[in-house]
Amino acid sequence: MAYQNARPKWTELAVGTAVTCPGSSRATKTGDWRSARPVWTNEHCVKCGVCVIFCPEGCIQFQADGYPTADLDYCKGCGICPHECPTGCIRMQDEVE
Amino acid sequence: MEKRIGIEASIAIAEAVGLCDADVVAAYPITPQTHIVEHLSEMVADGHLDAAFVPVESEHSAMSVCCGTSAAGARTFTATSSQGLALMHEILYIASALRLPIVMSVANRAISGPINIWNDHSDVMVERDVGWVQIFCENGQEAVDLTIWAFRLAEDPRVSLPIMVNFDGFIVSHMVEPLFMPDREMVKAFLPPFKPLQRLDIDNPISMGPVGIPDIFTEAKQVQQHLLTQAYQPIVETLGEFAKVFKRQYKPVETYRGDDADVLLLTMGAIGETAMTAVDQRRAKGDKVGLVRLRLWRPFPFEDLFRALGRIPVLGVIDRCISFGGPVGPVACEVKGALYGRKDHPLVVEFVAGLGGRDVTVTDFDKMFDALFEAKRSGKVPAPVLVGLRE
Ligand code: SF4
Ligand code: SF4
């Protein structure tokens, strides 16, 4: 993988800086770019799956109880899920240290 | 055996691409490159070339398709000119950064406005820094030969970079000239099958073209700088291999009657041929004038140029393009930059000639030689000259 060594010398880069080993998106946790996180109130959730489909990161999944939740290792806090949810049961909460 | 036939250069270039067994042609027709694309489209439609012809909706798409097919391991060709080349601009950088050995014909033409479809080099000069190998041809034979050679060079594993084969629009592209058409066996002997360094393959997945964060970008650019500079040696070697098979030798820089010259003139592309006639005429009158023809533009052949110039006191450089509000001639600027700090470097006189299809005649060259002799006599460099300007 091209970026296994986080700070490679120029002679160590893969041809055309290709990522030569699949799975780098999983290995690179990008959730820390987020400034706000989605928070669910399951009361009104009808389990329609709209949030699951619209999440551009593909990081919302249904849990064992049938309700969706975001994998915060990858959620960028874009706010699309609350915007698309037809029942308004997701809200964005600021990330505060 | 090669056959000498009368053929339009564009048709011959298309035939050459066929001889190289290109797998994909993705191109958008634009004057004066049209005949190349039309003929390739016919060759594919008629079953003479087993390739995918992708009739894209723009040059931006043409170059994007080329990147995709080359990444998938297909020998890929395209051709363009002028505004079309400009429309490809952003994708040209991607092709070189991803090390995709695409071969592209560029029938050089002015960039509008005012609207102009005729020949100069203002289209390609703005593409100087895209990281491609760039070479200039003087005639149809050279355009055919260097198209075949281009596949070999681009696909050389030491290089694996895209290449632009430049020739003057109309003046070369539309000229019917007698030329030696290579035959399939010779091309086969010269050009091995394409073995990409890596390719998109579902059984061995890789991602080509990922993000290059600030911590990687400098290193990635150094790789490109290194590769293109180091491409010089493979270029010379493969041109030598070409000469062995086809008996025609091309060098990064050619000289004409330069050895004992008092003044030299540097040209790129087809005007070098008229310039040779002008040199002969001046020589017949006893004036020691000579010519330097710059064929390879990227990587810039510094050492070849220095050798060609020797200790010449005055050098004229002809540009077919203007860098407005800057150092006027892009080629002259590069030549001067190359000479900076060298001992006994020549005075460099800048000419801009043949803009937007204006003829550059033997008389024009005569006047340029006069200006060079005047600079030699006075030791003074005149302001850049727009050749043939009505004042
Ligand atoms: S879009 Fe809203 S209602 Fe639908 S599953 Fe997601 S959270 Fe529940
Ligand atoms: S905020 Fe954006 S990235 Fe995060 S879970 Fe919602 S849709 Fe996905």
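Preceding this section is the structure that the text describes.
Residues numbered from 1 in each chain as written. Chains lettered and ligands numbered in written order. Predicted model: local features only at pLDDT ≥ 70, side-chain atom pairs only at ≥ 80, totals over all residues. Heavy atoms only, no water.

When helices and strands are tallied, chain A shows three helices and four strands. Helices and strands in chain A line up, N terminus first, as α-β-α-β-β-α-β. In terms of overall size, chain A is more extended than a compact globule, its C-alpha atoms giving a radius of gyration of 17 Å where 97 residues would be expected to give roughly 13 Å. The burial tally for chain A puts 33% of its 97 residues in the buried class. Once local pairs closer than 6 in sequence are excluded, the contacts in chain A between residues at least 24 apart make up 56%. Carbon and sulfur atoms make up 50% of the accessible area of chain A, which totals about 6,300 Å². In chain A, which carries 9 positive and 11 negative side-chain charges, the distance between the mean positions of the two groups comes to 6 Å. (Helix = DSSP H or I, 4+ residues; strand = E, 2+ residues; numbered from the N terminus. Rg over C-alpha atoms; globule rule 2.2 N^0.38 Å. Buried < 20%, exposed > 50% of the residue type's maximum accessible area, 1.4 Å probe, protein only. Contact = heavy atoms within 4.5 Å. Areas by Shrake-Rupley, 256 points an atom, 1.4 Å probe, with all protein chains shown as cover. Lys, Arg positive; Asp, Glu negative; His and termini not counted. Charge placed at Lys NZ, Arg CZ, Asp CG, Glu CD.)

Turning next to the overall build of chain B. Summing up its helical and strand segments, chain B has 13 helices and 15 strands in all. The C-alpha atoms of chain B give 21 Å as radius of gyration, which agrees with the globular expectation for 391 residues (21 Å, within 12%). Principal axes of the C-alpha set define a box for chain B whose edges measure 70 × 55 × 45 Å. Going through the 391 residues of chain B one by one, you find that 56% of them count as buried. Restricting the contact set of chain B to residue pairs at least 6 apart, pairs at least 24 apart contribute 81%. Accessible surface computed for chain B: about 16,500 Å², of which carbon and sulfur atoms make up 55%. Averaged over its 37 positive side-chain charges, chain B has a centre that lies 8 Å from the centre of its 50 negative ones.

In globular proteins that are soluble, nonpolar side chains generally tend to be buried together. Residue and element names in this part refer to chain B. Core analysis: the largest hydrophobic core is formed by 57 residues, its most contacted members being L40, F77, W149 and I163. Those residues in contact with W149 that sit more than four places away from it in its chain are I135, I163, F190, I235, T238, L239 and F242. I91, I206, W297 and I312 belong to the second-largest nonpolar core, a separate cluster that totals 49 residues. (Core = buried A, V, L, I, M, F, W, Y, C linked by side-chain atoms within 4.5 Å.)

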